[in-house]
Amino acid sequence: MKILILNGPNLNMTGIRNKSVYGSETLEDINSELREYGESKGAEMFFYQSNHEGAIIDIIQESMNKFDGVVINAGAYTHYSYAIRDAIEAVRDYTPFVEVHLSDIHSREGFRANSVITEVCVKQISGLGKNSYKKGIDLLLEIL
Ligand code: DQA
């Protein structure tokens, strides 16, 4: 089972920006824990982060041939990128996506409460810090 952890813009600043919201661990710290977590459950783990919408769309499209499932934190693109939404919609019959967020997007600024990708993802998991990703991995392993 090949699982991709896909992070969008500014997630590379995790551990540096807004620590009270996103925590003090770096994305590298989180990813190495997720690698161990996924591998302990028999999954092969892959990681990708980009600040660029087009690069994220490219890997979403490629994911149908490369991965069995994807855990995506699209960062702020979550709230307005119809292009990312359409890319997920195009491949989701081949590779399911779970939407995750470190913070609780429903208890912050109003614009964060709306996600344009939820509809094309299996589920949205938000507000559990790095455990949002772990729950995403669990869900993929359940349904795959
Ligand atoms: C985020 C929430 C988004 O609103 C924000 O733009 C991010 C991170 C989260 O993980 O909580 O960059 O997706």
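Residues numbered from 1 in each chain as written. Predicted model: local features only at pLDDT ≥ 70, side-chain atom pairs only at ≥ 80, totals over all residues. Heavy atoms only, no water.

Draft legend 1. Main features of the environment of Asn10. Relative to the helices and strands, Asn10 resides in the loop between β1 (2–7) and α1 (19–22). Given the relative accessible area of 39%, Asn10 is considered partly exposed. Taking C-alpha positions, Asn10 is 7.0 Å from Gly75, a pair spaced 65 residues apart along the chain. Those residues in contact with Asn10 that sit more than four places away from it in its chain are Arg17, Gln49 and Asn51. (Helix = DSSP H or I, 4+ residues; strand = E, 2+ residues; numbered from the N terminus. Buried < 20%, exposed > 50% of the residue type's maximum accessible area, 1.4 Å probe, protein only. Contact = heavy atoms within 4.5 Å.)

Draft legend 2. Main features of the sheet that holds strand β2 (residues 44–49). On the basis of which strands lie adjacent, the open sheet formed by five strands has the order β2-β1-β3-β4-β5 and parallel pairing. Pairing within the sheet leaves two strands with one partner each, and these edge strands are β2 and β5 (124–126). Shown here is a sheet whose adjacent strand axes are inclined to one another by a mean of 20°, direction ignored. Looking at chain direction, strand β4 (residues 97–101) and β5 are connected through three bridges and run parallel. Counterpart to Glu99 in the pairing with β5 is Gln124. The strands touched by helix α2 (residues 27–40) are β1 and β2; relative to β2, the strand with the most contacts, the crossing angle is about 160°. (Pairing = 2+ DSSP bridges. Axes fitted to C-alpha atoms, helices over the stretch in contact; angles between N-to-C directions.)

Draft legend 3. Spatial organisation of the packing of helix α3 (residues 53–66) against helix α4 (residues 82–91). Put simply, α3 and α4 touch, their axes get as near as 9 Å, and they point 5° apart. With respect to α4, the axis of α3 lies roughly parallel. When α3 is examined against α4, the residues Glu53, Ile56, Ile57, Ile60, Gln61, Ser63 and Met64 are found in contact with a partner set consisting of Ala83, Ile84, Ala87, Ile88 and Val91. Along the lines of polarity and charge, the residues of the contact of α3 with α4 split into nine nonpolar, two polar and one charged. (Parallel < 35°, antiparallel > 145°, perpendicular 65-115°, else oblique. Nonpolar A, V, L, I, M, F, W, Y, C, P; charged D, E, K, R; others polar.)

Draft legend 4. Quick look at the nonpolar core. Grouped together as the largest cluster of nonpolar side chains are 20 residues, with contacts concentrated most on Leu6, Ile60, Ile72, Ile84, Ile88, Phe97 and Ile117. Secondary-structure elements contributing two or more residues to this core are β1, α3, β3 (69–73) and α4. The next biggest cluster of nonpolar side chains, apart from the first, holds 18 residues, and it includes Ile5, Leu11, Tyr37 and Leu102. (Core = buried A, V, L, I, M, F, W, Y, C linked by side-chain atoms within 4.5 Å.)

Draft legend 5. Main features of the side chain of Arg85. Structurally, the position occupied by Arg85 is in helix α4. For Arg85, a relative accessible area of 15% gives the class buried. Of note is the side chain of Arg85, whose polar atom sits 2.8 Å from the side chain of Glu119. Leaving out residues up to four positions away in the same chain, Arg85 has contacts with Val116, Ile117, Glu119 and Val120. (Polar contact = N/O pair within 3.5 Å; in protein donor to acceptor, adjacent residues only side chain to side chain.)

Draft legend 6. Layout of the site of the ligand. Close to the ligand lie Pro9, Arg17, Tyr22, Asn73, Gly75, Ala76, His79, His101, Leu102, Ser103, Ile105 and Arg112. A distance of 2.7 Å is found between an oxygen atom of the ligand and a side-chain nitrogen or oxygen belonging to His79. Between the ligand and Arg112 there is a distance of 2.8 Å, counted from an oxygen atom to a side-chain nitrogen or oxygen. Look at the ligand: alone it shows 320 Å² of surface, and the protein chains cover 98% of it. Put simply, the ligand lies in the largest pocket. (Near = heavy atom within 4 Å. Areas by Shrake-Rupley, 256 points an atom, 1.4 Å probe, with all protein chains shown as cover. 1 Å grid on protein atoms, 1.4 Å probe; cavity = no way out; pocket = protein on both sides within 12 Å on 5 of 7 lines; lining within 4 Å. Sits in = over half its atoms within 2 Å of the grid points.)

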